[in-house]
Amino acid sequence: MDLIDLASTPEGRRDFVGQLHDVCEKLELDYASYASANPVTGTVHAFTNYPDAWKSHYMEHELHMKDPTLKAASRSIAPVDWKRLEKDTNFSKVFHQAHDFNLPDVGLTIPIRGPFGETGLFSVSSTLSLPNWKKLKSKVIGNLQAAAVYMHDRVMNSETIMQTLRYPTLSSREIEILQWVALGKSQQDIGDILSISPRTVEVHLRSSREKLCAVTTAQAVGRAVSLGMIDPG
Amino acid sequence: MILVIDALNKDRFGTVLDDVFKLRARVFGERMGWDVNIQNGREIDEFDELDPAYVVSLDDSYNVIGCARLLQTVGPHMLSDVFYDILDGEPPLRSVTMWESTRFCVDHNRLGRGKDKNSVSYTTSELMVGILEYARESGISDIITVIDPIMDRVLKRSDNTPYGYVGKTADMGKVKALAALIDSTEERISRVRAFAEIQGDVFVSEDEVEANIQPPIHLDMSDSLREYCFEQLESANSERERAAARALQQAIAGMAQSRRGINA
């Protein structure tokens, strides 16, 4: 799994990091970062306003592979206060190193689940004492949710990510089958038409659903239509 | 009391979650006659695989007496992907500050009438307070909830009238369902609390629940069988598979026990 620093792209330098600074300044936070794993390729795209020294250390040691503020937090629906992750064995591994860089271990991560099944993670941290952090948190949590979804939308609409999302690599057989589904054919019918077993049809459909990050076949057809891969039928 | 179970702590509360799925099977499958998929006495659907949060109501003996399931509306959720009949062809609401609540239910077998602590009425309100306070603390301002007309009347009667509805009332198997909107403002929370006379913190600590729930069943079986059961549980890829593995484990443990009974 690769980690790509979006700040190294021209667009990122201009926008992404500046927005993190703005959020931190407005909401009295120390650091902020955003990361999202591309649901198709698994690549993590991220940007942060943490000091460069920590950033290079983090990337060099591939800390994103074990960082619980990414891994564990992405499975919650609610903001995850890092306090909740302390029992995770990887928490101390990552934050011991952060401590050496004088970085705080008080913070929270907001997971955003997108319509493509992707997850964006917006994290903020603070040097405040725990009681003061609690007060600040309840004051700014609504703003943080709004900031999180804003960042997520910006990143998801940026070229790097949308290119892979826009063109999930479906095989011609998968497209062919989805097209027949869109025309209202049953799996049995499609099997007969293409001279393959209904089970083979099902396997292809399952794969298409996963590639399109769809829960149901109807949803997969909808996405394939909106991506221009098949005709609406 | 209310316990929130999600992907981060569900390993500690496997038996509680299992009871949630069993309660849902009884309520939605048997009592309400919804068109739901029940296997091994547990109602589990594809949205249970998406790491939702479960708000669970427990009685003083830590039995599950109510539950609801929460998902973000920006990601896949029931109204966008299953209940689209309700939306009448319109796109679903998607907002980062709105969660969807589904499978809201309380246990009519364990709970009585009236308004005291072990009543359907109290538990319904407490579960509602649990959902709203958990949402509020997470920066969530609104809940969209898929309910049946009976639940809608219950909400109205308990000073928790939805502020609006989305789409239309749609047929769901033998019954109807509709999508109601509820805000998580202090005003509403205190109204619901006042109606049911709920005082103090409704949330129970994870440690307290863990210390009081049944320890995992003692498996009186051969090492190889125990190992096999453990492997089945470990390799389960979905909630459905996990539930089946637990049911197998219990069945084998039960067989071992009854065999001992015969021998004696």
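Values in this document were obtained by computation on a predicted structure and should not be read as measured data. Residue positions are counted from 1 within each chain, in the order its sequence is given. Here chains are named by letter from A upward and ligands by number from 1 upward, in the order in which they appear as written. For this predicted model, a pLDDT threshold of at least 70 governs which residues receive local features, and a threshold of 80 or more governs which side-chain atom pairs are given and counted, while totals over whole chains, interfaces and linings are taken from all residues. The side-chain quantities take in all heavy atoms of the structure and omit both hydrogens and water.

> Where do I start with the interface of chain B and chain A in this structure?
Frequently, the measure chosen for interface size is the accessible area removed from exposure when the parts meet. Whether two residues are in contact is decided by their heavy atoms, any of which lying within 4.5 Å being enough. The partner chain A presents 23 residues to the 30 residues of chain B that form the contact. Carbon and sulfur atoms supply 56% of the area buried between chain B and chain A, which totals about 2100 Å² over both sides. Computed with a 1.4 Å rolling probe, the buried area is the accessible surface lost when two parts are put together, summed over both parts. When the area that chain B buries against chain A is broken down by residue, the three leading residues are Leu8, Gln72 and Val96 of chain B, summing to 28%. Asp51 of chain B is paired through a salt bridge with Arg75 of chain A; the nearest N and O atoms lie 2.8 Å apart. We define a polar contact as two N or O atoms separated by no more than 3.5 Å, with the added condition that, inside protein, one atom must be a possible hydrogen donor and the other a possible acceptor, whereas residues neighbouring each other in sequence contribute only through side-chain atom pairs. Seen at the junction of chain B and chain A, the total is 10 residue pairs in polar contact (both at pLDDT 80 or more). Broken down by secondary-structure element, the contributors of at least two residues to the side of chain B that touches chain A are strand 5 (64–72), helix 4 (120–137) and helix 7 (206–212) of chain B. Counting residues per element, the side of chain B that touches chain A draws most heavily on strand 5 of chain B, which supplies three residues. Just so you know the grouping, Ala, Val, Leu, Ile, Met, Phe, Trp, Tyr, Cys and Pro go in nonpolar, Asp, Glu, Lys and Arg go in charged, and all remaining residues, Gly too, go in polar. Residues belonging to the side of chain B that touches chain A are distributed by class as follows: 14 nonpolar, six polar and 10 charged. Basic side-chain nitrogens of Lys or Arg form a salt bridge, by our definition, when they fall within 4 Å of a carboxyl oxygen of Asp or Glu. Elements are defined by DSSP. Helices are runs of H or I of four residues or more, strands are runs of E of two residues or more, and each kind is numbered from the N terminus.

> How do you make sense of the packing of aromatic side chains when you look at a structure like this?
The way to describe two aromatic rings as a pair is by their centre distance and the angle between their planes. Residue and element names in this part refer to chain A. Any pair of Phe, Tyr and Trp rings, taking the six-membered ring for Trp, is counted once the centres come within 6.5 Å. Such a pair is stacked with planes under 30 degrees apart, edge-to-face with planes over 60 apart, and tilted for the rest. For the structure on display, the rule yields 11 aromatic pairs over all chains. Between Phe16 and Phe47 the ring centres are 4.6 Å apart and the planes differ by 20 degrees, which places this aromatic pair in the stacked class. In this pair, Phe16 sits in helix 2 (residues 16–27) while Phe47 sits in strand 3 (residues 44–48), placing the two residues 31 residues apart along the sequence. Assessed through its relative accessible area of 2%, Phe16 is described here as buried. Relative to Tyr58, the ring of Trp54 lies with its centre 5.8 Å away and its plane at 65 degrees, an arrangement referred to as edge-to-face. In this pair, Trp54 and Tyr58 both sit in helix 3 (residues 52–60), four residues apart, roughly one turn of the helix. In terms of burial, Trp54 and Tyr58 fall into one category: buried. Members of the aromatic cluster, connected to one another through ring pairs, are Phe16, Tyr34 and Phe47. Exposure classes here rest on a 1.4 Å probe applied to the protein chains alone. A residue is buried below 20% of its type maximum, exposed above 50%, and partly exposed in between.

> Looking at this model, I keep getting lost on unusual backbone geometry. Mind explaining?
Backbone phi values are negative for most residues with the exception of glycine, while trans is the configuration of most peptide bonds. Phi at Glu28 of chain A is positive, roughly 60 degrees, even though this residue is not glycine. Looking at where Glu28 of chain A falls in the secondary structure, it is placed in the loop between helix 2 and strand 2 (31–37). With a relative accessible area of 52%, Glu28 of chain A lands in the exposed category. We note that Asn40 of chain B has phi near 55 degrees; this positive angle belongs to a residue other than glycine. Mapped onto the fold, Asn40 of chain B is located in the loop between strand 2 (38–39) and strand 3 (42–43). Looking at Asn40 of chain B, the relative accessible area reads 47%, which means it is partly exposed.

> I'm lost on the pairing of strand 5 (residues 106–113) of chain A in this one. Help?
Looking along a regular strand, one sees side chains alternate from face to face of the sheet. All names here are of chain A. In terms of burial, strand 5 is a largely internal element, eight of the eight residues being buried. Of the two faces of strand 5, the one lined by Val106, Leu108, Ile110 and Ile112 and the one lined by Gly107, Thr109, Pro111 and Arg113 are each fully buried. Bridge count for strand 4 (residues 80–81) against strand 5 is two bridges, and the pairing is antiparallel. Looking across to strand 5, one finds that Val80 is bridged to Thr109. In short, DSSP must find at least two bridges between two strands for them to pair.

> I tried to follow the domain arrangement of chain B on my own but got confused; where do I start?
All names here are of chain B. An automatic or database domain assignment provides the domain bounds reported here. Along its sequence, chain B is carved into domain 1 (2–212) and domain 2 (223–263). With centres defined by C-alpha atoms, the gap from domain 1 to domain 2 works out at 30 Å. Facing 13 residues of domain 1, the contacting portion of domain 2 comprises nine residues. Both sides together, the interface formed by domain 1 and domain 2 hides about 920 Å², and carbon and sulfur atoms give 46% of it. Area buried by domain 1 at its contact with domain 2 is led by Arg42, Ile44 and Glu49, which between them contribute 39% of it. Taken together, domain 1 and domain 2 are joined by two salt bridges. The closest approach of N and O atoms between Lys10 and Glu239, which form a salt bridge, is 2.7 Å. The interface formed by domain 1 and domain 2 contains three residue pairs in polar contact (both at pLDDT 80 or more). Counting residues per element, the side of domain 1 that touches domain 2 draws most heavily on helix 1 (residues 14–31), at four residues.

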